[in-house]
Amino acid sequence: MSGSTTRANGSKNVSRRTFIAGTSSILGAVALSGRAFAAEASVTPAAAPIDSGAHVPALVVGTGYGGSVAALRLAQAGVDVHMIEMGMAWDTPGSDGKIFANTTSPDVRSYWLRTRTKQPISNFLGYPLDKDVPRHTGILDAEEMGQIIVYQGRGVGGGSLVNGGMAVTPRRENFGAILPSVDAAEMYGTYYPRANATLGVGTVDPAWFESADCYQFARVGRKHAERSGFPFVFVPDVYDWDYMEKEAAGTVPRSALAGEILYGNNYGKKSLQKTYLAQAGATGKVAISPLHKVTSVAPAAGGGYTVVIDQIDTTGTTTATKTVTADKVFFAAGSVGTSKLLVQLKATGALPALNAEIGKGWGDNGNVMCGRANHMWDPTGKLQASIPCGGIDNWTAGGAFAEVAPLPTGIETYASFYLSITNTPHRAEFTWNPQTGRADLNWQTAWKQTSVDMARTIFDKINAKEGTIYRTDLFGAYKIWGDHLTYHPLGGAVLDKATDNYGRLHGYAGLYVIDGSLIPGNTSVNPFVTITALAERNIEKIIATDL
Ligand code: FAE
């Protein structure tokens, strides 16, 4: 654009719009300290597409948890950062005046480059739920990786755009199995608290929970768990609990109570756009290129790295290919994105010195879903908050932690629904397939049986006690288990194996991994607090020693 100059973070156009967005970022950051999260629009750094030929001190691939931590802390240390994000900015309302689509009515915004929806719960009462949608760079990717569908968020904010916000710190006695090379005392003393504070994690008010219509399903879940001798625990979340109470009181627009979740929450949820990325924007040192996809990273002749980036339009078509240089590159494209990129770059000769651990140690966090059919005298409520707030902990005895999840259909279903995280031993590997020019993942559907068996340590017992049965209508005809998917991909560039103990990739100074691919396949609970805390730990060390 005429009259503009290229900034140190590789973007042009310090326009009035950027300035205003920067100002609102500051306001957003101030709001973080109060209880004023809620219905505001995004306060992330304004989209500022990178110029071909630009040179940036730090380039971050992806804008999820790991990428957002890296960008904020680097910027606070005085480093100019450019974040490259293949998904959209999610800062502009659609024709209905809302940025995000409702879970009950998926539309053009809902899926990443598919012509038909791929809903995790595919059926209800015998009817298939999927429908045709226009192909678009929508928010939820149901990526089919061989024998597993990996659900991921696409856009500025990564998984935080689509997830349930359940923000769970693992029990400390389980941490040694999750990240064996990391000092637990440091994590529980410093980095988990830092992550929880910056993410804005809170817990439902127990008194309100007891009376709220929208949590009848969770109270039924608790009753059944406790009658079978299982502990029920409250699960913290980044949803603004004050806002949800106002939704229930009818004083603010509804989001969790309107069934919004999988395709984004228009209000109430503190996604990364409102937390880490808002603070990053407030530094004035972070720029973001949405609808830009990194396709290659290789050593540059004069030092640093040459990064090749495809700019795409909302049909997924490449409209420009840009080449930039970066002194340091942070891989934060998520477990699948980073793993696919690294196995490709190693196999095709761009980064041949990456070690043999690249692509290994991938797991599904043992995810498996199921529903139970309750008796007619045990209704779960027709109004259900889309945000879960409690779980059943049978990890030590049976290897399963089950979230009591909603089925926000708007009608009484007499169903209890659960997402279990299980202690699966199975790990898959990404490899480069030169015939197809794609990375393959050798996950096997049959491996889910271990997870099903662990989940059954909870639900077989509850069914026996309550005289109830499993639902067979949610995942296809007469199919009890949602065992074809994961929400929680982890691993593929494992800490202290593919990288050193702080995420520095072996073989290349200045290349780092800082997302869920560092974690070897399981966190015993929902993963994003651990991804965030580990990123906080690693970036602190990298800033202290590498810059
Ligand atoms: P992630 O957040 O996936 O961010 C990676 C980003 O990189 C994405 O925005 C990508 O679009 C982008 N990207 C990928 N490849 C490229 C490329 N080549 N160039 C440019 N950009 C690229 O990574 N976890 C919880 O702890 N609690 C929950 O309640 C929860 N619920 C979930 C519900 C759903 C439906 C889903 C899908 C996930 C859920 N998760 C939950 C998982 C959580 O969102 C996930 O572990 C984190 O988002 C992973 O963080 P990363 O930083 O690794």
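Residues numbered from 1 in each chain as written. Predicted model: local features only at pLDDT ≥ 70, side-chain atom pairs only at ≥ 80, totals over all residues. Heavy atoms only, no water.

**Considering the pattern of salt bridges**
Stage number 1. All chains considered together, the criterion is met by 21 salt bridges.
Stage number 2. Residue Asp-500 pairs with Arg-504 through a salt bridge whose shortest N-O separation is 2.7 Å.
Stage number 3. A residue is classified by how much of its surface remains accessible, and Asp-500, at 18% relative accessible area, is buried.
Stage number 4. By sharing partners, the salt bridges in this structure join Asp-141, Glu-143, Arg-154 and Lys-340 into a single network. (Salt bridge = Lys/Arg side-chain N within 4 Å of Asp/Glu carboxyl O. Buried < 20%, exposed > 50% of the residue type's maximum accessible area, 1.4 Å probe, protein only.)

**Here's the deal with the sheet that holds strand E15 (residues 415–422)**
Stage number 1. Strand order in the open sheet formed by six strands is E7-E13-E14-E15-E12-E18, and the pairing between neighbours is antiparallel. Two strands bound the open sheet, and with one partner strand each, they are strand E7 (232–234) and strand E18 (469–470).
Stage number 2. Looking at chain direction, strand E12 (residues 368–373) and E18 are connected through two bridges and run antiparallel. Its bridge partner being in E18, Ala-373 is matched across the sheet by Ile-469.
Stage number 3. Along the sheet, helix H11 (residues 448–466) makes contact with E12, strand E13 (390–394), strand E14 (400–405), E15 and E18, crossing E12 at roughly 10°. (Pairing = 2+ DSSP bridges. Helix = DSSP H or I, 4+ residues; strand = E, 2+ residues; numbered from the N terminus. Contact = heavy atoms within 4.5 Å. Axes fitted to C-alpha atoms, helices over the stretch in contact; angles between N-to-C directions.)

**Comments concerning the site of the ligand**
Stage number 1. Taken together, 36 residues sit near the ligand, with Glu-85, Gly-159, Met-166, Gly-516 and Phe-528 positioned nearest.
Stage number 2. A distance of 3.2 Å is found between a nitrogen atom of the ligand and a backbone nitrogen or oxygen belonging to Gly-164.
Stage number 3. A distance of 3.2 Å separates an oxygen atom of the ligand from a polar backbone atom of Pro-527.
Stage number 4. Burial of the ligand by the protein chains amounts to 96% of its free accessible area of 1,000 Å². (Near = heavy atom within 4 Å. Polar contact = N/O pair within 3.5 Å; in protein donor to acceptor, adjacent residues only side chain to side chain. Areas by Shrake-Rupley, 256 points an atom, 1.4 Å probe, with all protein chains shown as cover.)

**Considerations on the sheet that holds strand E5 (residues 140–145)**
Stage number 1. Strand order in the open sheet made by the three strands is E5-E6-E19, with mixed pairing throughout. Since the sheet does not close on itself, it has two edges, and those belong to E5 and strand E19 (485–486), each with one partner.
Stage number 2. Sheet topology note: the E5/strand E6 (residues 148–153) ladder contains six bridges and is antiparallel. The residue of E6 that forms the bridge with Leu-140 is Gly-153.

**Examining the pairing of strand E16 (residues 430–433)**
Stage number 1. Across four bridges, E16 lies against strand E17 (residues 438–441) in antiparallel orientation. Bridge pairing links Asn-433 to Arg-438 in E17.
Stage number 2. Two successive antiparallel strands, E16 and E17, enclose a turn made up of four residues, where Gly-437 displays a positive phi of approximately 65°.

**Side note on the UniProt feature "domain: Glucose-methanol-choline oxidoreductase C-terminal" (unreviewed entry) in the chain**
Stage number 1. In the UniProt entry, the feature "domain: Glucose-methanol-choline oxidoreductase C-terminal" (unreviewed entry) is given for residues 486–535.
Stage number 2. The span residues 486–535 shows a helical share of 16% and a strand share of 8%, and its end C-alpha atoms are spaced 22 Å apart. (UniProt positions renumbered as here; feature names shortened; annotations may be inferred.)

**Some points on the packing of aromatic side chains**
Stage number 1. The final tally for this structure, using the stated rule, is 21 aromatic pairs.
Stage number 2. An angle of 80° between the planes, with centres 6.0 Å apart, marks the rings of Phe-232 and Phe-234 as edge-to-face.
Stage number 3. When its relative accessible area of 31% is taken as the criterion, Phe-234 is described as partly exposed.
Stage number 4. Through pairs of rings, three or more aromatic residues link up here, namely Trp-208, Phe-209, Tyr-215, Phe-217, Phe-232, Phe-234 and Trp-241.
Stage number 5. The side chain of Arg-154 reaches across the aromatic face of Trp-112, ending 6.0 Å from its centre.
Stage number 6. One residue, Lys-461, lies across the ring of Phe-230, its end atom 5.1 Å from the ring centre. (Phe/Tyr/Trp six-rings, centres within 6.5 Å; stacked < 30°, edge-to-face > 60°. Lys NZ or Arg CZ within 6 Å of the ring centre and 35° of its normal.)

**A few points about the nonpolar core**
Stage number 1. Leu-59, Val-329, Phe-330 and Phe-331 are the most contacted members of the largest nonpolar core, which totals 89 residues.
Stage number 2. It is helix H12 (residues 528–546) that contributes the most residues to this core, eight residues altogether.
Stage number 3. Contacts of Val-329, omitting those with residues within four sequence positions, involve Leu-59, Val-61, Val-297, Tyr-305, Val-307, Gly-510, Leu-511 and Tyr-512.
Stage number 4. If you look at the next biggest cluster of nonpolar residues, it comprises 37 residues, including Ala-218, Phe-230, Met-244 and Ala-455. (Core = buried A, V, L, I, M, F, W, Y, C linked by side-chain atoms within 4.5 Å.)

**A closer look at the pairing of E12**
Stage number 1. With five of its six residues buried, E12 lies for the most part within the structure.
Stage number 2. With six bridges connecting them, E12 and E15 associate as antiparallel partners. Residue pairing across strands places Cys-370 opposite Tyr-418, the latter belonging to E15.

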